[in-house]
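What the coordinates show
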Number of protein chains: 2
Amino acid sequence: MEKLSISDARNPETIGVNAVIQGWVRTRRDSKGGFSFIEVNDGTCLANLQIIADNTLGNYEDEIKRLTAGCSVSIEGQVKESGGKQATELLASNVIVHGWADPEEYPLQKKRHSFEKLREWAHLRPRTNAFGAVARVRNCICQSIHDFYQERGFLYVHTPVITASDCEGAGEMFRVSTIDPASPPKADNGEVDYTQDFFDRPSYLTVSGQLEAEIYATALGKVYTFGPTFRAENSNTSRHLAEFWMIEPEVAFNDLNDNMDLAEAFLKRIFSDALQKCPQDMEFFNLRIDETVIETLQKIVDSEFVRLPYTEAIEILLASGHAFQFPVEWGCDLQSEHERYLTEQHFDGPVILYDYPSTIKPFYMYVNDDGKTVRAMDVLVPKVGEIIGGSQREDRLQVLESRMRDQDLEPEEYWWYVDLRRYGTVPHAGFGLGLERAVQFVTGMQNIRDVIPFPRTPGNAEF
Amino acid sequence: MEKLSISDARNPETIGVNAVIQGWVRTRRDSKGGFSFIEVNDGTCLANLQIIADNTLGNYEDEIKRLTAGCSVSIEGQVKESGGKQATELLASNVIVHGWADPEEYPLQKKRHSFEKLREWAHLRPRTNAFGAVARVRNCICQSIHDFYQERGFLYVHTPVITASDCEGAGEMFRVSTIDPASPPKADNGEVDYTQDFFDRPSYLTVSGQLEAEIYATALGKVYTFGPTFRAENSNTSRHLAEFWMIEPEVAFNDLNDNMDLAEAFLKRIFSDALQKCPQDMEFFNLRIDETVIETLQKIVDSEFVRLPYTEAIEILLASGHAFQFPVEWGCDLQSEHERYLTEQHFDGPVILYDYPSTIKPFYMYVNDDGKTVRAMDVLVPKVGEIIGGSQREDRLQVLESRMRDQDLEPEEYWWYVDLRRYGTVPHAGFGLGLERAVQFVTGMQNIRDVIPFPRTPGNAEF
């Protein structure tokens with residue numbers, strides 16, 4: 001007999017079809033008329049399918065009337081028009097119980113559980129409405145990311161997770177090693193002898209695939225990375241993870257304006273796909289999590305992003321008369337309160353800030369003719385602040401080497417990166433988007449730990 | 001002026017168009033007639049575009065006639081019909097040189113370099129024909145993977161890279177840590193005090209996302225992972241990497257037969273997409289790397305995979321009269337020579353072996369009624385041997401716990417995995433495909449280090 005997903009079985013076009021549905025019981029309700037209503041979910045959509053099981057079924061008394069939340073079932077029957085709120089229901093001709101879920105023990109009972117509590121049950125939380133919806137929207141955004149870049153002729157490039165170099169020059173990194181931590185081998189000078197480690201040298205988890213993506217962009221034109229990146233920061237906030245997924249496009253011959261165009265089109269595409277391809281899940285988030293989330297996304301999709309030089313942003317902030325906790329002056333790094341003032345109060349929409357002071361940005365950003373600013377850009381959105389950071393890259397050999405020395409980096413250690421400017425250098429630009437920040441923004445979920453399947457934060461590596 | 005990719009500019013439909021092309025010079029040849037032919041590649045296809053630059057151009061003598069391999073250029077001009085082997089060429093009206101590549105220093109000169117040598121220049125090798133083709137075919141396979149699962153309603157799930165558990169119970173794992181390796185904190189008993197490490201416990205890089213994927217499959221039905229996995233094995237072979245990408249689908253309510261159907265359809269899809277979507281690159285591999293590669297792939301796409309119980313495979317091997325280096329008897333793990341005999345000599349095509357002895361397989365595989373075998377499967381292909389390994393998972397609580405104890409594992413340490421069998425357990429199955437093995441098979445490349453952008457192997461973590 002044909003298998004039907006619950007998503008398909010809820011479609012009125014399947015009325016009359018005999019089929020099997022398979023999933024997990026959410027609730028059971030017995031009617032006095034000698035039958036039971038069973039709500040079953042299989043993860044293909046937010047909604048359940050209502051099953052009508054009557055007492056003529058052989059296992060009605062000893063199995064069906066014992067079904068509780070979490071039990072797994074295969075149910076044969078015919079899809080019927082429903083008299084209730086949903087279009088269809090299934091009249092069961094056979095109910096097979098695969099696994100029970102003792103209601104005395106099964107944690108997910110009908111009462112609502114806090115997201116904190118559900119983090120302890122990370123192996124069961126995808127069975128809830130909220131986490132099922134997060135999983136579907138996250139999946140939709142991931143596919144939207146690939147579609148966006150593939151349609152534009154970008155190549156997906158896997159940059160390494162384990163690396164001996166440090167992209168930012170200052171990231172807090174996790175060490176990767178196979179040496180015995182109880183008694184590490186020592187060299188004659190008493191220091192740890194990394195020539196005896198797996199990679200013959202100190203190695204770390206990457207903080208960004210950018211530098212390696214530049215290698216591919218300066219050979220093959222348009223590329224993007226999409227993979228896990230790591231920060232060993234001891235940050236216990238609702239916006240930080242030690243392990244998160246990042247998307248980093250890098251494009252040869254693009255300047256900062258092209259980069260802004262790409263970032264704007266990219267954000268609009270993933271927001272628009274979430275709204276169009278996950279309407280039920282998005283309605284759920286709008287109803288239960290954040291009542292402004294659909295309106296906010298739609299507004300961004302329909303808007304033109306403001307493009308504002310850093311210097312003008314400082315003038316706006318100084319003229320605002322607003323009492324900021326952190327004082328504003330040219331040369332300072334903008335704080336969240338400043339970014340939110342610009343997007344939420346002054347412009348009421350997304351803003352791309354660009355041409356930041358060179359002193360607060362890394363060595364690889366292109367130095368403008370003024371000698372004071374670099375072609376950096378940050379995309380700011382209401383409520384979240386920075387969601388994308390990027391730049392045109394410094395493609396002039398001498399300027400790059402001089403900027404590296406200014407920041408106490410040895411060009412020799414980055415010999416391969418420097419070579420990209422030595423042989424056939426080209427203008428190029430790229431940016432990074434943290435996937436989880438994007439999923440948080442789209443779903444309205446408060447805590448970033450609730451938009452990744454198994455969050456890694458200080459003290460948390462279970463599951 | 002419109003930008004055209006070289007792939008598009010080689011299409012006769014663009015004849016007559018005025019456009020800019022941008023890329024890197026491969027060769028330059030000067031004609032006595034007062035003009036030069038410049039071959040330019042931009043990574044969008046294997047082929048170059050031929051540029052005609054004549055001596056009326058302002059920078060003809062001092063720049064154009066100095067162009068050598070690796071120089072980067074933007075060239076304006078008109079696409080013309082070509083008299084040569086290619087359909088089109090570009091008549092230049094303006095040539096801008098962005099970056100030079102001193103022929104005395106630039107490593108990629110016209111002579112052919114060995115793949116070993118090119119590994120030392122991993123930052124330049126994507127500029128060669130072979131590595132450009134690998135990058136495009138790898139990208140094609142990645143998108144094919146996503147398309148295959150998305151079209152079938154699977155959800156893409158990101159399982160963690162950093163984990164405190166060990167999927168196989170026996171993998172050699174990399175430790176992830178932030179403690180000072182020179183003087184690690186010690187507990188009172190003299191052992192390393194991991195409560196002072198970032199995650200409060202010993203943590204590692206994952207060897208597989210399977211166990212976590214099972215969590216999502218037993219909540220949402222059909223899922224797949226696609227991410228980096230790690231092995232700290234000291235293997236310096238042409239088939240092993242310390243860091244590689246793996247695809248692991250996991251499906252609730254699937255049994256071993258469904259699993260075989262999925263694996264067969266999946267392999268056929270990615271092979272077929274590579275042949276159809278990258279015909280030029282595949283012809284290159286067939287011509288330069290392995291003259292059987294297109295025929296082999298097409299044969300697999302057109303074949304029906306043989307499905308053979310392990311016990312029958314042993315009988316075939318014993319009856320073969322073939323002198324194997326490793327002796328064959330029921331209960332032994334098959335070696336590469338045995339697998340290759342079956343696929344290359346006996347069946348001359350792909351074979352799915354299944355129902356392996358329980359003693360040689362991990363705890364999570366479903367035990368058959370005979371008590372001696374488990375519902376494991378390996379997909380074997382000619383020349384490579386095993387390309388996919390998978391199983392139906394043990395979904396019976398007591399059997400699983402007993403199998404774990406047999407293999408000296410504590411069910412309590414896997415409490416969340418065991419819970420999946422305690423609450424609403426269902427039959428389910430899945431498998432793993434190593435991306436790089438698949439790319440090796442499709443391209444015919446001999447060494448796995450040449451099908452991943454930046455290979456990690458013992459002693460190698462540069463770039």
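Residues numbered from 1 in each chain as written. Chains lettered and ligands numbered in written order. Predicted model: local features only at pLDDT ≥ 70, side-chain atom pairs only at ≥ 80, totals over all residues. Heavy atoms only, no water.

Some details on the packing of helix H3 (residues 129–151) of chain A against helix H6 (residues 279–288) of chain A
Residues and elements named next belong to chain A. In contact at an axis separation of 10 Å, H3 and H6 are set at 130° when each is read in the N-to-C sense. By the angle between their directions, the pair H3 and H6 is classed as oblique. In the crossing of H3 with H6, the sense of the turn from one axis to the other is left-handed. Taking contact as the criterion, the partners of Asn129, Ala130, Ala133, Val134, Arg136 and Val137 in H3 are, on H6, Asp281, Met282, Phe284 and Phe285. (Axes fitted to C-alpha atoms, helices over the stretch in contact; angles between N-to-C directions. Helix = DSSP H or I, 4+ residues; strand = E, 2+ residues; numbered from the N terminus. Parallel < 35°, antiparallel > 145°, perpendicular 65-115°, else oblique. Left-handed = near helix turned anticlockwise from the far one by under 90°. Contact = heavy atoms within 4.5 Å.)

As for the relation of the copies chain B and chain A
Of the transformation superimposing chain B on chain A, the axial component is 0.0 Å and the angular component is 180°, with the fit at an RMSD of 0.0 Å. Taken together, the rotation and translation describe the operation of a two-fold axis. Ranked by how close their C-alpha atoms come to the rotation axis, the residues of chain B are headed by B:Val176, at 2.5 Å. An overlap of 100% is found between the interface residues of chain B and their copies at the interface of chain A, pointing to a shared contact surface. (Least-squares fit on C-alpha atoms with pLDDT ≥ 70 in both.)

Some thoughts on the environment of B:Tyr216
Among the structural elements, B:Tyr216 can be located in helix H4 (residues 210–220). Taking the C-alpha atoms as reference points, B:Tyr216 and B:Phe37, 179 residues apart in sequence, are found 57 Å from one another.

Re H6(A)
Taken residue by residue, H6(A) has A:Asp281, A:Met282, A:Phe284, A:Phe285 and A:Asn286 as its buried positions. Its buried side turned inward, H6(A) meets H3, helix H5 (256–277), helix H7 (293–302) and helix H12 (435–443) of chain A. (Buried < 20%, exposed > 50% of the residue type's maximum accessible area, 1.4 Å probe, protein only.)

Looking at empty space enclosed by the protein
If a probe the size of a water molecule is rolled over the atoms, the empty space left behind becomes visible. Counting across every chain of the model gives eleven cavities of 30 Å³ or more. Taken as a whole, the largest cavity holds about 130 Å³ of empty space. Those elements giving two or more residues to the lining of the largest cavity turn out to be strand S8 (175–177) of chain A together with strand S8 (175–177) of chain B. Within the lining of the largest cavity, the residues separate by chemical class into five nonpolar, two polar and three charged. (1 Å grid on protein atoms, 1.4 Å probe; cavity = no way out; pocket = protein on both sides within 12 Å on 5 of 7 lines; lining within 4 Å. Points joined across faces, edges and corners; volume = space filled by probe spheres on them. Nonpolar A, V, L, I, M, F, W, Y, C, P; charged D, E, K, R; others polar.)

Side note on the domain arrangement of chain A
Residues and elements named next belong to chain A. By domain assignment, chain A separates into domain 1 (2–99) and domain 2 (127–172 + 207–450). Measuring from the centre of the C-alpha atoms in domain 1 to the corresponding centre in domain 2 gives 46 Å. Interface of domain 1 and domain 2: buried area, both sides summed, is about 600 Å²; carbon and sulfur atoms make up 42% of it. In this structure, the connection of domain 1 to domain 2 is made through zero salt bridges. (Domains from an automatic or database assignment. Buried area = accessible area lost by both parts, 1.4 Å probe. Salt bridge = Lys/Arg side-chain N within 4 Å of Asp/Glu carboxyl O.)

Describing the interface of chain B and chain A
Contacts between the two partners involve 107 residues from chain B, matched on the other side by 107 residues from chain A. Around 8600 Å² of area is buried between chain B and chain A when both sides are counted, 63% of it from carbon and sulfur atoms. The largest share of the area that chain B buries against chain A comes from B:His158, B:Phe253 and B:Tyr423, three residues that together contribute 9% of it. Summed over the shared surface of chain B and chain A, the result is zero salt bridges. Viewed at the interface, chain A and chain B are joined by 39 residue pairs in polar contact (both at pLDDT 80 or more). Ranked by the residues each element gives to the side of chain B that touches chain A, the list is headed by helix H3 (residues 129–151) of chain B, at ten residues. Taken together, the residues that form the side of chain B that touches chain A break down as 56 nonpolar, 31 polar and 20 charged. Taken together, the three bridges between S8(A) and S8(B) define a ladder with antiparallel strand orientation. Looking at S8(B), one finds that A:Arg175 is bridged to B:Ser177. (Polar contact = N/O pair within 3.5 Å; in protein donor to acceptor, adjacent residues only side chain to side chain. Pairing = 2+ DSSP bridges.)

Focus on a negative patch on the surface
Taken together, the side chains of A:Asp406, A:Asp408, A:Glu410, A:Glu412 and A:Glu413 make up a negatively charged region of the molecular surface. By secondary structure assignment, the location of A:Asp408 is in the loop between helix H10 (397–406) and helix H11 (415–422). (Patch = residues over 30% accessible without salt bridge, like charges linked within 9 Å, V, L, I, M, F, W, Y side chains within 5 Å. Areas by Shrake-Rupley, 256 points an atom, 1.4 Å probe, with all protein chains shown as cover. Lys, Arg positive; Asp, Glu negative; His and termini not counted. Charge placed at Lys NZ, Arg CZ, Asp CG, Glu CD.)

Notes on the packing of aromatic side chains
According to the stated counting rule, one finds 58 aromatic pairs over all chains in the structure shown. Pairing A:Phe271 with A:Phe441 gives two aromatic rings, centres 5.3 Å apart and planes at 40°, and the pair type is tilted. Of the two residues, A:Phe271 sits in helix H5 while A:Phe441 sits in helix H12, which places them 170 residues apart along the sequence. Residue class for A:Phe271 comes out buried when judged on its relative accessible area of 0%. When its relative accessible area of 6% is taken as the criterion, A:Phe441 is described as buried. Judged by centre distance (4.9 Å) and plane angle (90°), the ring pair of B:Phe148 and B:Tyr149 falls under edge-to-face. For the pair B:Phe148 and B:Tyr149, a shared accessibility class is recorded, and that class is buried. (Phe/Tyr/Trp six-rings, centres within 6.5 Å; stacked < 30°, edge-to-face > 60°.)

Regarding the sheet that holds strand S15 (residues 385–392) of chain A
Residue and element names in this part refer to chain A. Pairing is mixed across the open sheet formed by eight strands, whose spatial order is S6-S10-S11-S16-S15-S14-S13-S12. Each of the sheet's edge strands pairs with one partner strand only, and the pair in question is strand S6 (155–156) and strand S12 (306–309). Inspection of the sheet shows S12 paired to strand S13 (residues 351–357) by four bridges, in the parallel sense. Within S13, the residue paired with Val306 across the bridge is Val351.

Some remarks on the pattern of salt bridges
Evaluated as defined, the whole model comprises 42 salt bridges over all chains. For A:Glu344, the salt bridge goes to A:Arg340, with nearest N and O atoms at 2.9 Å. Of this pair, A:Glu344 and A:Arg340 both sit in helix H9 (residues 336–346), separated by four residues, roughly a single helical turn. Here A:Glu344 falls in the partly exposed class, since its relative accessible area comes to 28%. On the basis of relative accessible area, A:Arg340 is assigned to the partly exposed category, the value being 33%. Two residues, B:Arg393 and B:Glu250, come together in a salt bridge whose shortest N-O distance is 2.9 Å. Linking B:Arg393 in the loop between strand S15 (385–392) and helix H10 (397–406) with B:Glu250 in strand S11 (residues 243–252), this pair joins segments that are 143 residues apart in sequence. B:Glu250 sits in the buried class, given a relative accessible area of 1%. What emerges from the salt-bridge pattern is a single network uniting A:Glu116, A:Arg119, A:Arg125 and A:Asp450.

Concerning the environment of B:Ile21
Residues and elements named next belong to chain B. Relative to the elements of secondary structure, Ile21 occurs in strand S1 (residues 18–31). Take Ile21: its relative accessible area is 0%, and that puts it in the buried class. Linking Ile21 and Leu90, residues 69 residues apart in sequence, is a C-alpha distance of 9.0 Å. In this view, Ile21 contacts Leu4, Ile6, Ala9, Val40, Leu49, Ile51, Val73, Ser74, Ile75 and Leu90; residues no more than four positions away in its chain are not counted.

Examining helix H9 (residues 336–346) of chain B
Taken together, the buried positions of H9(B) are B:His338, B:Glu339, B:Tyr341, B:Leu342 and B:Thr343. Where H9(B) is buried, its residues contact helix H8 (310–319), strand S13 (351–357), strand S14 (373–381) and S15 of chain B.

Brief notes about the sheet that holds strand S7 (residues 162–163) of chain B
One open sheet holds the six strands; their spatial order is S7(A)-S9(A)-S8(A)-S8(B)-S9(B)-S7(B), and the pairing between them is antiparallel. Two strands bound the open sheet, and with one partner strand each, they are strand S7 (162–163) of chain A together with S7 of chain B.

Topic: the environment of A:Ser238
Counting through the fold element by element, A:Ser238 comes out in the loop between strand S10 (222–230) and strand S11 (243–252). Leaving out residues up to four positions away in the same chain, A:Ser238 has contacts with A:Gln440, A:Gln446, A:Asn447 and A:Ile448.

Thoughts on the pairing of strand S16 (residues 428–434) of chain A
Residue and element names in this part refer to chain A. Counted residue by residue, S16 has seven buried out of seven residues, so it is predominantly covered. One ladder, built from five bridges, connects S11 with S16; its direction is antiparallel. Across the sheet, residue Met246 finds its bridge partner in S16, namely Gly434. Note: S15 against S16, five bridges, orientation antiparallel. The residue of S16 that forms the bridge with Ile388 is Leu433.

Considerations on the confidence of the model for chain A
Across chain A, pLDDT averages 96, with 99% of residues at or above 70. Under the prediction, the complex receives an ipTM of 0.97, its pTM being 0.97. (pLDDT = per-residue confidence, 0-100.)

Here's the deal with the side chain of B:Asn41
All names here are of chain B. Mapped onto the elements of the fold, Asn41 is located in strand S2 (residues 35–41). Side-chain polar atoms of Asn41 contact the side chain of Asn48, separated by 3.1 Å. In contact with Asn41, other than residues within four places in its own chain, are Ile6, Gly23, Trp24, Arg26, Leu46, Ala47 and Asn48.

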